[in-house]
Protein chains: 4
Amino acid sequence: MRTLIKNGTVVTASDTTKTDVLIDGEKIAAIGSGLATGTDQVIDAENRYVMPGAIDVHTHMELPFGGTFASDDFATGTAAAAWGGTTTIVDFAVQSYGQTLRQGLDQWHKKAQGKAHIDYGFHMIVREINDSILKEMDALVNEGIPSFKLFMAYPGVFMLDDAAIFRAMSRTAENGGLIMMHAENGGAIDVLVKRYLAEGKGDPINHGLTRPASMEGEATGRAIALARLFAETCPQYLYLSLDDLGRPGFEGAKYVCSPPLRPPSHHDELWKGLLQDDLQLVATDHCPFHFKGQKDLGRGDFSKIPNGLPGVEDRFSLIFHGGVNSGRITLNRFVELVATAPAKMFGLFPRKGTIAPGSDADIVIFNPRVERTLSAKTHHMNVDYSCYEGMTVKGLPEVVMQRGNVLVREGKFQGVKGAGQFLRRSPFHGVPASEPSPVGARS
Amino acid sequence: MRTLIKNGTVVTASDTTKTDVLIDGEKIAAIGSGLATGTDQVIDAENRYVMPGAIDVHTHMELPFGGTFASDDFATGTAAAAWGGTTTIVDFAVQSYGQTLRQGLDQWHKKAQGKAHIDYGFHMIVREINDSILKEMDALVNEGIPSFKLFMAYPGVFMLDDAAIFRAMSRTAENGGLIMMHAENGGAIDVLVKRYLAEGKGDPINHGLTRPASMEGEATGRAIALARLFAETCPQYLYLSLDDLGRPGFEGAKYVCSPPLRPPSHHDELWKGLLQDDLQLVATDHCPFHFKGQKDLGRGDFSKIPNGLPGVEDRFSLIFHGGVNSGRITLNRFVELVATAPAKMFGLFPRKGTIAPGSDADIVIFNPRVERTLSAKTHHMNVDYSCYEGMTVKGLPEVVMQRGNVLVREGKFQGVKGAGQFLRRSPFHGVPASEPSPVGARS
Amino acid sequence: MRTLIKNGTVVTASDTTKTDVLIDGEKIAAIGSGLATGTDQVIDAENRYVMPGAIDVHTHMELPFGGTFASDDFATGTAAAAWGGTTTIVDFAVQSYGQTLRQGLDQWHKKAQGKAHIDYGFHMIVREINDSILKEMDALVNEGIPSFKLFMAYPGVFMLDDAAIFRAMSRTAENGGLIMMHAENGGAIDVLVKRYLAEGKGDPINHGLTRPASMEGEATGRAIALARLFAETCPQYLYLSLDDLGRPGFEGAKYVCSPPLRPPSHHDELWKGLLQDDLQLVATDHCPFHFKGQKDLGRGDFSKIPNGLPGVEDRFSLIFHGGVNSGRITLNRFVELVATAPAKMFGLFPRKGTIAPGSDADIVIFNPRVERTLSAKTHHMNVDYSCYEGMTVKGLPEVVMQRGNVLVREGKFQGVKGAGQFLRRSPFHGVPASEPSPVGARS
Amino acid sequence: MRTLIKNGTVVTASDTTKTDVLIDGEKIAAIGSGLATGTDQVIDAENRYVMPGAIDVHTHMELPFGGTFASDDFATGTAAAAWGGTTTIVDFAVQSYGQTLRQGLDQWHKKAQGKAHIDYGFHMIVREINDSILKEMDALVNEGIPSFKLFMAYPGVFMLDDAAIFRAMSRTAENGGLIMMHAENGGAIDVLVKRYLAEGKGDPINHGLTRPASMEGEATGRAIALARLFAETCPQYLYLSLDDLGRPGFEGAKYVCSPPLRPPSHHDELWKGLLQDDLQLVATDHCPFHFKGQKDLGRGDFSKIPNGLPGVEDRFSLIFHGGVNSGRITLNRFVELVATAPAKMFGLFPRKGTIAPGSDADIVIFNPRVERTLSAKTHHMNVDYSCYEGMTVKGLPEVVMQRGNVLVREGKFQGVKGAGQFLRRSPFHGVPASEPSPVGARS
């Protein structure tokens, strides 16, 4: 099967070229003019951008949280991702207390297999550190799970102390793994949460007030003292704010996530960070919970509201709209942030993350002129509200392909449940070996 | 009993005046000329500085550590202090695990009573935080123990986690207490110590190498994120360095203290900090152990060397010599660093720390022209070595008085064992109440 | 003539003592109790603070500016100063183009002699640098004019280029002089001023908008690159803001000074700077112009409004009110900022700036409980408006003495025109000689 | 004419792909496999990198300096550039005092035309700013000279004051021009130079000592206060140091350039800057002078040594060697630094600076395994010494093509004098328009 995408504007992290792309089977074969010899299918991309399929390296499909589960599973969540131009996710497998890493990983393999519409990989959330778990980390790096998430928050649930964190960091410095950090000072936050609840402050806004930016700054500084840090951000931190968390009634619960939303003045600083590469990539932390039946577990006690927002479908368009349309970042930087940098950081490049001969034909044909309104009525994620309800964005992923197969075209979903493949990722090597051991954190 | 100190140069934190001082009983009555009416005793201080008796707010007399005790008790240690121009100490009472703060405090009262030659107060080392201990903290503030030492290092011995630290800080913000912090990241250091010992690195120098400056910086930054910090330094950090810790054989053990000595390049930065008030005072962390019989418990395993150095006798002369004689700080700043600032910070001012009518007549008559050599052979501390053996300093506390009584004069000790009084200190008020809750740390 | 001030609370930069002060002739003789032998006059200061007379090191009496003169001369201005608790000023003599420094200095000696009610010294404003002027600088240091003001702003009027500034700095590093800097980037500001006027923006607010904080920051950074900087601030920068400059109509003209007033958010930062000694002293930059007949020269063209505000009378009370009453700084720090630090920095200590035996008996007896309203109707400066009109402050300098003579008492002025003496000041020595060459700047 | 480069590893700023490149006429037609239909020439690049021809945006061919001229003209200099893998230069046209910009530009067009072997563009050095020159700047932007070099150093020769600089910056913010800045404080440096010469310090090392890093830092900070800055560095700042400037005898003269070489400790910081994009590109500041007959004009008076070093031939190999071979930067970052970023910054992209369909076929086939020794005996620049004499580097530009024509192959030069074309460059648009006006500076 040979497909020719004609007359589009091909955009990579470096180049923007009006030319054609020839796909042979699952791979890109050539880029250039005069390639049209013996193709089975031609897609006209005149006046459209031809971009690498986006990669979301921070999702939580079907995550258990506070007695309930994130409302998207691997079937609904990956279909929504495809609708939004994302063709690869890296989700978080979770170790259970007293269990091995492998037991947790196996569980996530089961959740994904036969369900995923798009390709996927796993990070591993590590909740305990001891000698045998450190050995398991070596093994996981070797079988394509080279990244581990640790928490400096949530005492009694996820939080590790500095000694454990430092041991894990030291180990990945040797085995090629990458540590990802949830950086908030959980000890101090816990004291504040108890104090607030004791004072009868139960509304959602208190979720933000008990997790002040200084506590995130402290933990980030502590992690940096132990190792070098990269940083991601997510659309919600660029568009939403503490004002949303403070919406009247219980409406604010829709916006409860951790680290929490900050004052609107942070938005410009974060965009600037994306421009200047202080922030290296954009993911979503997609972790949806229905407003009715899930978020409302925390009425009157904000600490019981499941933490998480939907986002896997909207990231591509939101970052294009707020970044490229508004002149904040270039087209090439956009592609780098949503596809190339995630692929390089997390061992998927050059198979994923670019348009180049030999790479997987994961391609988004994007029409930058279509205006549309974001809404829970039209989105494809399995959640009963949208954080961006009523917001107008310009730009639509019209055609989405994975490994040469069309997933979305002309408003129709053509993907196949279970067609998504598990991706064995390479050890971390995006930065020269002489650099200090790198660690990822979210800002 | 009325004493007139004539013709000296009276130095306070602000003024330098050639004039007379009249003492009536235990108090200073007047400063000026023409005061000589009906005095019982005249001391001629021509060509000498008349300064407030110095205050050492960081000593550990008879401290239990690793199965042994600091070699100075309240009798020998306070006599040595007086020899060196220090007329007040604030020592650290220690809570035992599972015991109340009061039990620990009572023990220290017993150690001091009937033994001390000079006045003394106590800080309280807190090893556990819970509701009842927080209440005890309120009580201690009210009875003149308004400062509490917490540790971010020594896991399993002294270390508190961030939640406990934050609770203690919050409490003192309300009750007028002051938190003092030992700021090193004990978790990460512990991992390093174990790794070094496993690799057969047991020499004293490894004490320094396993406690890198970045771990002290991290912990200090963490404490600052939780509250405002003041900072002290000690003579050993201004004079000694990692090079001493690395002396051949087991000699380096003499220099084991925590935080450890740093490279010599730190000296200038610390002196600059003293000049510019980034460091607010100088204490000693006096905690002596004999080289033979105590320090040598750690031959081949640096982690077993008792941590601590002698210093209570030499501070006054060392800071005068390295600070005033070398032109780094002014005379007035010297008095501020060794007497006035400690008194103000720790609730002893204006009773102690200055020469003013109504203040205690704690006075040092200092001869700035006498040259002498520091040595274990001539010092009065109960310890078999000097960190400054053979070093020549210029300047001698010739006469030392407390509350109008002479302790040291013409090379003779005239103090009385047990004459030192316990000082009830005032709650922290050295800085306006609108400031964030202040915390002291050592650099 | 011997005066006893009884029962007051004597405040110096270091101490606060309830005691008596004995004055013999022009000097303080003693401080303490039991001093009352053979006095000619007793002043009861019960419930009052007894403080050193304040020193204002930044005034411009009778300064020529834009075709007019500052409205206070040495007679009216120094009387107003005394009313406000200030007993010493250091005014700025100005070199005229093409003239020697001495010619400028002689002019200012003439302006002051026979007129001043209080003691005074001079700084020298230097408008040209060449070999012969550098030699004159040496001479002036030797005759008690050891400080020189240079400008990085006002091209064609005062501005010197970097080469000239660097030569002057290098010279004072050798001769004991102190450089004071007006730090604003005059070149860039001038471009902005012309552009604004060309665009028809003539209102007073544009004075501030054409002198952005970044241009002051740049120039300050440039000066720091050349030498070490001390910093002063003035009451107007602590109380007034850009909002005042933007008052409707031409009212904003009352608030035109340079550097201009900044947004209100700067106030807290400046107070913090005063607390932490990042700012070392408070002066006034007193340079008054009548609103009618002087300020209104610039109606429709802000660049023609004479730059300057009245302030010499109100500084003491404003800083006491905003600093001590509000809990931002201590009593001792207040005395340091308005009297001791200026005296030490500018070669007047210990003759001025403290209360100590041997010092000049320049004393303010301050009643901290009197409430009063600042107003042009009641102030004594020769200017037709007050920047603080209608503002209520708590605290009044009830008695003001200079060298033992009463200037103000019980609401009556008892000073004598011409009684103020010229003060030969010492070369700069407030900081150890090993420090880099220091320079003063205003923030 | 169609050329196929087969089996090479094609490297762009983003991608590294083992594939083929098809060239049709002067342009790249396609990248991929299966392209070999009807080609006239095949070049086998197995085991070689196929990279965009490098761009040197900072050269000074035939520059007049201190009575002499840079020893490379456009013929010798561009041939040497081609030998070294550089296929485009942007040289500096110079305005003469009292002349228009155009007169200066015309002179440089004459110097280049008929001589250049490779394509070239011009920046314009501006020595005066007034209304008519600002208008000329608009015109030059429109005819493809959209970048202007200003100097904060060399008073009386190139130096502009802050007002002039600020006017030029403001103009380019409107007309799409880019300001490039030589950032050293010329005023202070001039004072130091005179002082050093007066003290008899004439050796080359004094060139460095009179231009301290603090003066470059100050000027850079000043420029940043006026506008945003990008930054370039050059190989000499990464490899050479103040130690070279201090070589015995007059040898140091070979290393005289401005800003001067710094201590070796700067090297690592600069490499780190290149890795983290604090420095955006690498150029050469190629400005060679013969040691005999030119550099020796300054024997005994360092200020008369012509400022400048040769480098246009060696940049590609030096940065590859010190950057890629040593593991400091990735292959893609290397291409970005020497080709893509310069092209984007200076309006040549996508015509130059990448390998993409439609781009000029400016290509370097680089053999990373060849070891060779740099030497004046073998280099092609017209200068009698090499700064890197005897240094071994690994990697050789084996084939160098411009617009499809081979310039260098198998150690033979096949270029044609005069074949290089003048490049009209686009206005600055590499960064979104909402950014502050950008300015380039050298570090």
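Residues numbered from 1 in each chain as written. Chains lettered and ligands numbered in written order. Predicted model: local features only at pLDDT ≥ 70, side-chain atom pairs only at ≥ 80, totals over all residues. Heavy atoms only, no water.

Here we look at the overall build of chain A
For step 1, the next point in the chain: Along the backbone of chain A there are twelve helices and 19 strands.
For step 2, the next point in the chain: Against the 2.2 N^0.38 benchmark of 22 Å for 443 residues, chain A shows a C-alpha radius of gyration of 21 Å, consistent with a compact globule.
For step 3, the next point in the chain: Dimensions of chain A, computed from C-alpha atoms along their principal axes, come out at roughly 70 × 50 × 40 Å.
For step 4, the next point in the chain: Residues counted as buried form 64% of the 443 residues belonging to chain A.
For step 5, the next point in the chain: Sequence separation of at least 24 residues holds for 78% of the intrachain contacts in chain A that already meet a minimum separation of 6.
For step 6, the next point in the chain: Per element, the accessible surface of chain A, about 14,700 Å² overall, is 50% carbon and sulfur. (Helix = DSSP H or I, 4+ residues; strand = E, 2+ residues; numbered from the N terminus. Rg over C-alpha atoms; globule rule 2.2 N^0.38 Å. Buried < 20%, exposed > 50% of the residue type's maximum accessible area, 1.4 Å probe, protein only. Contact = heavy atoms within 4.5 Å. Areas by Shrake-Rupley, 256 points an atom, 1.4 Å probe, with all protein chains shown as cover.)

Considering the pattern of salt bridges
For step 1, the next point in the chain: Scanning all chains against the criterion turns up 124 salt bridges over all chains.
For step 2, the next point in the chain: Taking the shortest distance from any N to any O, the salt bridge between Glu218 of chain A and Arg222 of chain A comes out at 2.9 Å. Of this pair, Glu218 of chain A and Arg222 of chain A both sit in helix H7 (residues 213-226), four residues apart, which is roughly one turn of the helix. Just as Glu218 of chain A is buried, Arg222 of chain A falls in that class too.
For step 3, the next point in the chain: A salt bridge links Arg167 of chain D to Asp131 of chain D, with the shortest nitrogen-to-oxygen separation between them at 2.6 Å. Taken together, the residues span a long stretch of sequence, with Arg167 of chain D in helix H4 (residues 162-175) and Asp131 of chain D in helix H3 (residues 131-142) at a distance of 36 residues. (Salt bridge = Lys/Arg side-chain N within 4 Å of Asp/Glu carboxyl O.)

Topic: the interface of chain D and chain A
For step 1, the next point in the chain: Counting from both sides, the interface comprises 31 residues of chain D and, opposite them, 31 residues of chain A.
For step 2, the next point in the chain: In total, about 2,100 Å² of surface goes out of reach between chain D and chain A, with carbon and sulfur atoms giving 51% of it.
For step 3, the next point in the chain: Along the contact surface separating chain D from chain A lie seven residue pairs in polar contact (both at pLDDT 80 or more).
For step 4, the next point in the chain: In terms of residues, the side of chain D that touches chain A owes the most to one element, strand E3 (residues 27-32) of chain D, which gives four residues.
For step 5, the next point in the chain: Here the side of chain D that touches chain A is composed, by residue class, of 13 nonpolar, 13 polar and five charged.
For step 6, the next point in the chain: Across three bridges, strand E3 (residues 27-32) of chain A lies against E3 of chain D in antiparallel orientation. Counted as the bridge partner of Gly32 of chain A is Ala30 of chain D from E3 of chain D. (Buried area = accessible area lost by both parts, 1.4 Å probe. Polar contact = N/O pair within 3.5 Å; in protein donor to acceptor, adjacent residues only side chain to side chain. Nonpolar A, V, L, I, M, F, W, Y, C, P; charged D, E, K, R; others polar. Pairing = 2+ DSSP bridges.)

Looking at the relation of the copies chain D and chain A
For step 1, the next point in the chain: Under the fitted operation, chain D is carried onto chain A by 0.1 Å of movement along the axis and a turn of 179°, and the coordinates agree to an RMSD of 0.1 Å. Read as a symmetry element, the transformation amounts to a two-fold axis.
For step 2, the next point in the chain: An overlap of 97% is found between the interface residues of chain D and their copies at the interface of chain A, pointing to a shared contact surface. (Least-squares fit on C-alpha atoms with pLDDT ≥ 70 in both.)

Observations regarding the nonpolar core
For step 1, the next point in the chain: In terms of nonpolar packing, the biggest core is built from 256 residues, with Phe334 of chain C together with Met51 and Phe334 of chain D touching the most fellow members.
For step 2, the next point in the chain: Residue contacts for Met51 of chain D: discarding those within four places in its chain leaves Val11, Phe316, Phe320, Leu331, Phe334, Val335, Ile355, Asp362, Ile363, Val364 and Phe366 of chain D.
For step 3, the next point in the chain: Counting residues in each nonpolar core, the second largest holds 253 residues, with Phe74, Tyr255, Val324 and Cys387 of chain A among its members. (Core = buried A, V, L, I, M, F, W, Y, C linked by side-chain atoms within 4.5 Å.)

Thoughts on the pairing of strand E17 (residues 405-409) of chain C
Residue and element names in this part refer to chain C.
For step 1, the next point in the chain: When strand E16 (residues 392-402) meets E17, the two strands line up antiparallel, connected through three bridges. Paired with Met401 across the two strands is Val406, which belongs to E17.
For step 2, the next point in the chain: Here E16 hands over to E17 after two residues, with Arg403 in that stretch at a positive phi of 40°.
For step 3, the next point in the chain: Judged from the two bridges that link them, E17 and strand E18 (residues 412-413) form a sheet pairing that is antiparallel. Considered in E18, the bridge of Arg409 is made with Lys412.
For step 4, the next point in the chain: Taking the residues between adjacent antiparallel strands as the criterion, E17 and E18 are bridged by two residues, where Glu410 takes a positive phi near 50°.

Some words on the environment of Gly308 of chain C
Residue and element names in this part refer to chain C.
For step 1, the next point in the chain: Mapped onto the fold, Gly308 is located in the loop between strand E14 (281-282) and helix H11 (315-325).
For step 2, the next point in the chain: With relative accessibility at 5%, the residue Gly308 sits in the buried group.
For step 3, the next point in the chain: Along the primary structure Gly308 and Pro288 are separated by 20 residues, whereas in three dimensions their C-alpha atoms are 5.7 Å apart.
For step 4, the next point in the chain: If we ignore the near neighbours within four places in the chain, the residues touching Gly308 are Val256, Cys257, Cys287, Phe289, Lys295 and Tyr385.

With respect to the pairing of strand E3 (residues 27-32) of chain B
Residues and elements named next belong to chain B.
For step 1, the next point in the chain: The buried fraction of E3 amounts to five of the six residues, a majority that puts the element mostly inside the structure.
For step 2, the next point in the chain: Strand direction decides the pairing type here: strand E2 (residues 16-24) and E3, joined by five bridges, are antiparallel. If you follow Ile23 over to E3, its bridge partner there is Ile28.
For step 3, the next point in the chain: Connecting E2 to the next strand, E3, in antiparallel fashion are two residues, including Gly25 with a positive phi near 65°.

So, the packing of aromatic side chains
For step 1, the next point in the chain: Enumeration according to the criterion identifies 74 aromatic pairs over all chains in this entry.
For step 2, the next point in the chain: Ring geometry for Phe230 of chain A versus Phe428 of chain A: centroids 6.0 Å apart, planes at 50°, classification tilted. Here Phe428 of chain A lies in the loop between strand E18 (412-413) and strand E19 (438-442) and Phe230 of chain A lies in strand E13 (residues 228-233), a separation of 198 residues in the sequence. Just as Phe230 of chain A is buried, Phe428 of chain A falls in that class too.
For step 3, the next point in the chain: Between Phe316 of chain D and Phe334 of chain D the ring centres are 5.0 Å apart and the planes differ by 85°, which places this aromatic pair in the edge-to-face class. Of this pair, Phe316 of chain D sits in helix H11 (residues 315-325) while Phe334 of chain D sits in helix H12 (residues 331-345), placing them 18 residues apart in sequence. An identical accessibility class is assigned to Phe316 of chain D and Phe334 of chain D; each is buried.
For step 4, the next point in the chain: A network of ring pairs unites the aromatic residues Tyr49, Phe316, Phe320, Phe334 and Phe366 of chain A as a single cluster.
For step 5, the next point in the chain: Directly above the ring of Trp108 of chain C sits Lys111 of chain C, whose terminal nitrogen or CZ lies 4.5 Å from the centroid. (Phe/Tyr/Trp six-rings, centres within 6.5 Å; stacked < 30°, edge-to-face > 60°. Lys NZ or Arg CZ within 6 Å of the ring centre and 35° of its normal.)

So, the packing of H4 of chain D against helix H7 (residues 213-226) of chain D
Residue and element names in this part refer to chain D.
For step 1, the next point in the chain: Contact pair H4 / H7: the axes reach a minimum separation of 10 Å and the direction vectors enclose 45°. Judged by the angle between their axes, H4 and H7 are oblique. In the packing of H4 onto H7, the handedness of the crossing is right-handed. Here Asp162, Ile165, Phe166 and Met169 of H4 lie close against H7, whose contacting residues are Arg222, Ala223 and Leu226. (Axes fitted to C-alpha atoms, helices over the stretch in contact; angles between N-to-C directions. Parallel < 35°, antiparallel > 145°, perpendicular 65-115°, else oblique. Left-handed = near helix turned anticlockwise from the far one by under 90°.)

A word on the state of the cysteines
Two cysteines whose sulfur atoms are joined by a covalent bond form what is called a disulfide.
For step 1, the next point in the chain: According to the stated counting rule, one finds zero disulfides over all chains in the structure shown.
For step 2, the next point in the chain: Free of any disulfide, Cys234 of chain C has its nearest cysteine sulfur in Cys257 of chain C, 8.2 Å distant. (Disulfide = S-S within 2.5 Å.)

Some thoughts on the interface of chain C and chain B
Frequently, the measure chosen for interface size is the accessible area that the parts lose on association.
For step 1, the next point in the chain: In this assembly, 30 residues from chain C lie in contact with 30 residues from chain B.
For step 2, the next point in the chain: Of the roughly 2,000 Å² buried between chain C and chain B, counting both surfaces, carbon and sulfur atoms make up 51%.
For step 3, the next point in the chain: For the interface between chain C and chain B, the tally reads zero salt bridges.
For step 4, the next point in the chain: If you look at where chain C meets chain B, you find seven residue pairs in polar contact (both at pLDDT 80 or more).
For step 5, the next point in the chain: Take the side of chain C that touches chain B: its biggest share by element is four residues, from strand E3 (residues 27-32) of chain C.
For step 6, the next point in the chain: Looking at side-chain class alone, the side of chain C that touches chain B contains 13 nonpolar, 13 polar and four charged residues.

Some words on the side chain of Asp20 of chain A
For step 1, the next point in the chain: Residue placement: Asp20 of chain A occurs in strand E2 (residues 16-24).
For step 2, the next point in the chain: Engagement of the side chain of Asp20 of chain A in a polar contact is seen with the backbone nitrogen of Asn7 of chain A, the distance being 2.9 Å.

Observations concerning the confidence of the model for chain A
All names here are of chain A.
For step 1, the next point in the chain: For chain A, the mean per-residue pLDDT works out to 92, and 96% of the residues sit at or above 70.
For step 2, the next point in the chain: For the stretch residues 430-443, pLDDT sits under 50, and the model shows 59 contacts to residues farther than four places along the chain or on other chains.
For step 3, the next point in the chain: Interface scoring of the predicted complex returns ipTM 0.86; its pTM is 0.86. (pLDDT = per-residue confidence, 0-100.)

What to know about helix H3 (residues 131-142) of chain A
Structurally, the α-helix is built with 3.6 residues per turn, so residues lying three or four positions apart point the same way.
Residue and element names in this part refer to chain A.
For step 1, the next point in the chain: With twelve residues, H3 should reach 16 Å at 1.5 Å per residue; the first-to-last C-alpha distance of 18 Å fits that figure.
For step 2, the next point in the chain: Regarding H3, the residues found buried are Ile133, Leu134, Glu136, Met137, Leu140 and Val141. Projected down its long axis, H3 carries its buried residues within an arc of 155°, all on one side. Away from its buried face, by an angle of more than 90 degrees, H3 presents the exposed residues Asp131, Lys135 and Asn142.
For step 3, the next point in the chain: On its buried face, H3 sits against helix H2 (101-112), strand E10 (119-125), strand E11 (147-151), helix H4 (162-175) and strand E12 (178-182).
For step 4, the next point in the chain: The distance from a side-chain oxygen at the start of H3 to the backbone nitrogen of Ser132 is 3.1 Å, and the residue carrying that oxygen is Asn130. (Expected span 1.5 Å × (residues − 1). Arc of directions from axis to C-beta.)

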